[in-house]
Structure formats: C-alpha cells, structure tokens
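Examining the three-dimensional arrangement
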Amino acid sequence: MSNPLTLTPTPGDQPVLVVGGISDSHTWNLVYLQLLVEEHGHRVVNLGPCVPEDLLIGEALVHDPALIVISSVNGHGYHDGMRTVTRLREHPGLGAVPVVIGGKLGIAGPCGDEEEAALRAAGYDEVFEESADGIAAFRRMLDALPQRALV
C-alpha cells in the first residue's frame, strides 16, 4: 500500500479518467465503461457527459491519470474528439498521458481508415470503434495497464 502522503501516485494507483464527448449527453455508456474498467482492477474517475475541455484538462492535471478514455454514442465522437485531444496535447503537463477514444465516432457509421489515422495523428494512442472487436481490444489494453492492489 502506498503512503497516503505521497504526492505522486505509484503505478496502479493512478485512476482511469472516463469522460463523455463534448456534445454527448449520454450517460449509460459512461456507467458501462466505469464498470468495465473497475472490473479490470482500476480505479475510475467518471467525469460524466458533456465535459468542457477546460474541466477535463483541470481534472486530468489534478488526478494524474494512467489513461483518459473519451466515449461517444451520439456519432459526433470524431469531430468532438479531434478538438478535445488537440487541447489535451497542447497542455505541457498532459502530453504523455495515454488518451483513447471509442464508441460511435461517425454519424454515417464507423470511421474509415483515414479518419482513424487522423485521430491517431492528432494525439490518440488508440481508437476503438463500436464493435465486439473494439471492446475486445479495449479489454486487452486495460489488462496491460498497471493495476491497483485489490484488497
């Protein structure tokens, strides 16, 4: 167990930040994500839906997350996600924090290879489409993160 007076979290103590897209007001996906991430042994800070970018940046600086997960079910994930990751990556304290996006990223269906490549080029470490394969890949990524000691 880590010393509660330690200012820098040890690996596995850092939470996973879960957040909805800027224009996505849905919450059920965030509850599902929180339960899934916790099932894999990680502490979650769920910021909820429609999180302004300034609030996301502030919370990320406060919590020093092991991962930031951005979720979308309204189909605007690609456009919201581009703005959000650009803002995150502009902040010097957040340049190295892993950030992923997933869900329904396009209103006309799944993103194509070009859109996925653009999301990665903008700063996302992983892009997960809304599919069984996407969920399986997300689970594998969670398993690779340092876990908290479960007591």
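Criteria and cut-off values
Throughout, a residue's number is its position along its own chain's written sequence, starting from 1. It should be noted that, the model being predicted, local features are given only for residues of pLDDT at least 70 and side-chain atom pairs only at 80 or more, the latter also being counted only at that level, while totals for whole chains, interfaces and linings use all residues. Neither water nor hydrogens contribute to the side-chain values; these are computed over all heavy atoms in the structure. Secondary structure follows DSSP: runs of H or I at least 4 residues long count as helices, runs of E at least 2 residues long count as strands, and numbering of each begins at the N terminus. Working definition: with a 1.4 Å probe on protein chains only, accessible area under 20% of the residue-type maximum means buried, over 50% means exposed, and in between means partly exposed. Contacts: residue pairs with any heavy atoms within 4.5 Å of one another. What pLDDT reports is the predictor's confidence in each residue, on a scale of 0 through 100. Side-chain atoms within 4.5 Å link the members of a nonpolar core, which is a set of buried Ala, Val, Leu, Ile, Met, Phe, Trp, Tyr and Cys residues. Definition used for salt bridges: Asp or Glu carboxyl oxygen within 4 Å of a side-chain nitrogen of Lys or Arg. Should DSSP find at least two bridges between two strands, the strands are regarded as paired.

**Looking at the overall build of the protein chain**
Helix and strand counts for the protein chain stand at 5 helices and 5 strands. Beginning at the N terminus, the succession of helices and strands in the protein chain can be written as β-α-β-α-β-α-β-α-β-α. The buried share of the protein chain, reckoned over its 151 residues, is 44%. Within the protein chain, contacts between residues at least 6 apart in sequence are counted, and of these 79% link residues at least 24 apart.

**Remarks on the confidence of the model for the protein chain**
Summarising the model, the protein chain shows a mean pLDDT of 84, and 87% of its residues fall at 70 or more. Counting interchain partners and residues more than four positions distant, the pLDDT-below-50 stretch residues 1-11 has 5 contacts.

**Some thoughts on the nonpolar core**
Generally speaking, nonpolar side chains in soluble globular proteins are found buried as a group. Judged by nonpolar contacts, the single largest core of 22 residues is most densely connected at L56, I68, I70 and Y124. Secondary-structure elements contributing two or more residues to this core are β1 (16-20), β2 (44-48), α2 (53-63), β3 (67-72), α3 (77-90) and β4 (99-103). Discounting residues that sit within four places of it in the chain, I68 has contacts with L17, V19, L56, A60, L88, V97, P98, V99 and V100.

**Here's the deal with the environment of A60**
If you trace the backbone, A60 turns up in helix α2. A60 sits in the buried class, given a relative accessible area of 2%. Once the C-alpha coordinates of A60 and V16 are considered, the two residues, 44 residues apart in sequence, prove to be 9.6 Å apart. A60 has contacts with L17, P65, I68 and L94, leaving out every residue within four places of it along the chain.

**Comments concerning the pattern of salt bridges**
If you walk through the whole model with that rule in mind, you get 8 salt bridges. For R120, the salt bridge is made with E116, and the minimal N-O distance between the two is 3.1 Å. Note that R120 and E116 are positioned in helix α4 (residues 113-122) at a spacing of 4 residues, about one turn of the helix. With relative accessibility at 32%, the residue R120 sits in the partly exposed group. You can call E116 partly exposed: its relative accessible area is 23%. Linked by salt bridges that have partners in common, E53, D54, D80, R83 and R87 make up one network.

**Some points on unusual backbone geometry**
In the Ramachandran plot, C50 falls in the positive-phi region, its phi being about 50° despite a non-glycine side chain. Examined against the element boundaries, C50 turns out to sit in the loop between β2 and α2. Classification of C50 as partly exposed rests on a relative accessible area of 37%. We note that D64 has phi near 45°; this positive angle belongs to a residue other than glycine. Turning to its location among the elements, D64 is positioned in the loop between α2 and β3.

**A word on the pairing of β2**
The buried count for β2 comes to 4 of 5 residues, which makes it a mostly enclosed element. Sheet topology places β1 next to β2; 4 bridges connect them, and they run parallel. Within β2, the residue paired with V16 across the bridge is V44.

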